[in-house]
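# Residue-level structure breakdown
Take a look at the letters that make up each chain.
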Amino acid sequence: MMISAIEADEAEPAIVDEEAFKNDLVAIIPSLRSFARSLCHDRELADDMAQETMVRAWSARASYTAGTNFRAWMFRILRNNFYTAYRKNWRNAVWDPEVAERVLVTGPNQEAAINLADVAAALEKLPVEQREVLMMVAAHGMSYEDAAETIGCAVGTVKSRVARGRAALKRMTEGEVDLLDAAPIATIARPGASN
Amino acid sequence: MDIGHHQSALSVKPVLGEDTHLSKKLNEPTGGRKTITTPSRGRDPIGDALRQLHDSVASEPIPPSFLDLVAEIEKKIEQSR
C-alpha cells in the first residue's frame, strides 16, 4: 500500500535535496514509530501510520523548508493522520499485554519495572490531547514552543496539558485513582481488528 | 530488491532524542532567535518512565516494511537523476 503510494507519486520539481530528505526520513523512523505507538498503542497500526506519514512527507517534500524543524514537521503530519483516522473509527482502548511484557523487562530492577508498566498503563488512560504533548515534551525532549507549533496551539495550552497529564499520571501511578476505574481512552482500530 | 543494502544504510541508528534539526524551530531558518522553553529537569520519575517507554520502542529493530519503503524512495531518487 505504502509502496504503491510512492510509485504513484508524480515527480515534483527538484527543489529539494532528495538524498538529504531521504536521510532525514530514515533518521527519524525510530522517533516516528515511538510517537505513533504512544498515540495509537497498537503496534501494527502505529507502524502503518508511521509509514503513511513517511509517504505523505515524501509526497510533500517540496513544501518542507530545509533547515527548519523536521521532527516537528513530521510529527504534525503523523498526528494529522492519527486524528483523521481517530474521527472516522474509534473504539475503547485495550491494554496490550505485549507492551506490558516489553516494558516490564526494560526496567533496571523489579521495582522500577513495575512502575514503568504502571506508567504505560496510566498513559493509555490519559486524553489523547494530554498524552501527545506529554510524550513530545517529556519523552522526545521537545520544547514547549515546538510542541505548540506542531499541534497548532498556544504555548500556554501545551504547558497546561503537560501539567495536567503529569498530575493525572502521578495520581494513577500512586494509586490515588484505580487504573481499572479510570475512564478508558478512545483510540482507533486498524482495519480488520475484532474490536 | 536489495534490502541488505538498505539495512546497512539504516544500521547507524540516530541517537535517541537527537533527530535531525532537533534544535531548530519549525519553519524558522537556522539562527532565528526565539525563546525555547523546556521543562525543568531534576528528579522526575514520570519523565524518566516516559523516556524509557519512548526508548523501548525507538530502540527496536526497524521493521522490513520500513526498509522496503526507503528502498522505493531511493529508487525514485535514482530515477529522477
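Keep in mind that what you see is a predicted model, and the values were worked out from it rather than measured. (Residues numbered from 1 in each chain as written. Chains lettered and ligands numbered in written order. Predicted model: local features only at pLDDT ≥ 70, side-chain atom pairs only at ≥ 80, totals over all residues. Heavy atoms only, no water.)

## A closer look at the overall build of chain B
- Summing up its helical and strand segments, chain B has 3 helices and 0 strands in all.
- Element order for chain B, N to C, with α for helix and β for strand: α-α-α.
- When the 81 residues of chain B are sorted by exposure, 38% land in the buried category.
- Accessible surface, chain B as shown: approximately 4700 Å² in total, 53% of it carbon and sulfur. (Helix = DSSP H or I, 4+ residues; strand = E, 2+ residues; numbered from the N terminus. Buried < 20%, exposed > 50% of the residue type's maximum accessible area, 1.4 Å probe, protein only. Areas by Shrake-Rupley, 256 points an atom, 1.4 Å probe, with all protein chains shown as cover.)

## Concerning the packing of aromatic side chains
Residues and elements named next belong to chain A.
- What the rule picks out here adds up to 9 aromatic pairs over all chains.
- Between F21 and Y64, the aromatic rings sit 6.1 Å apart at their centres with planes inclined by 65 degrees, giving edge-to-face as the arrangement. Of the two residues, F21 sits in helix 2 (residues 18–40) while Y64 sits in the loop between helix 3 (43–59) and helix 4 (70–88), which places them 43 residues apart along the sequence.
- Looking at Y64, the relative accessible area reads 7%, which means it is buried.
- For the pair F21 and W73, a centre-to-centre distance of 6.0 Å together with 80 degrees between the ring planes defines the contact as edge-to-face. (Phe/Tyr/Trp six-rings, centres within 6.5 Å; stacked < 30°, edge-to-face > 60°.)

## Quick look at the pattern of salt bridges
Residues and elements named next belong to chain A.
- On inspection of all chains with the given rule, the structure shows 11 salt bridges over all chains.
- Between D47 and R33 there is a salt bridge, with its nearest N and O atoms 2.8 Å apart. Highlighted residues: D47 in helix 3 and R33 in helix 2, separated in sequence by 14 residues.
- Among the residues examined, D47 registers a relative accessible area of 9% and is labelled buried.
- Looking at R33, the relative accessible area reads 3%, which means it is buried.
- For the salt bridge of R56 with E52, the shortest nitrogen-to-oxygen distance reads 2.8 Å. A residue pair is termed a helical-turn pair when its members lie 3 or 4 positions apart in one helix, as R56 and E52 do in helix 3 at 4 residues.
- Overall, the relative accessible area of 26% leaves E52 in the partly exposed class. (Salt bridge = Lys/Arg side-chain N within 4 Å of Asp/Glu carboxyl O.)

## Concerning the confidence of the model for chain B
Residues and elements named next belong to chain B.
- For chain B, per-residue confidence averages 67 on the pLDDT scale, and 48% of positions sit at 70 or higher.
- No element of chain B has a lower mean pLDDT than helix 1 (residues 3–9), at 40, and none a higher one than helix 3 (residues 64–80), at 93.
- The low-confidence segment residues 1–33, where pLDDT is below 50, has 67 contacts with residues more than four positions distant or belonging to other chains.
- Two summary scores accompany this predicted model of the complex, namely pTM at 0.70 and ipTM at 0.72. (pLDDT = per-residue confidence, 0-100. Contact = heavy atoms within 4.5 Å.)

## Remarks on helix 8 (residues 144–151) of chain A
Residue and element names in this part refer to chain A.
- Buried residues dominate helix 8, accounting for 7 of its 8 residues.
- Those residues of helix 8 that sit buried are Y144, E145, D146, A147, A148, T150 and I151.
- Just downstream of helix 8 lies G152, where phi reads positive at about 75 degrees.

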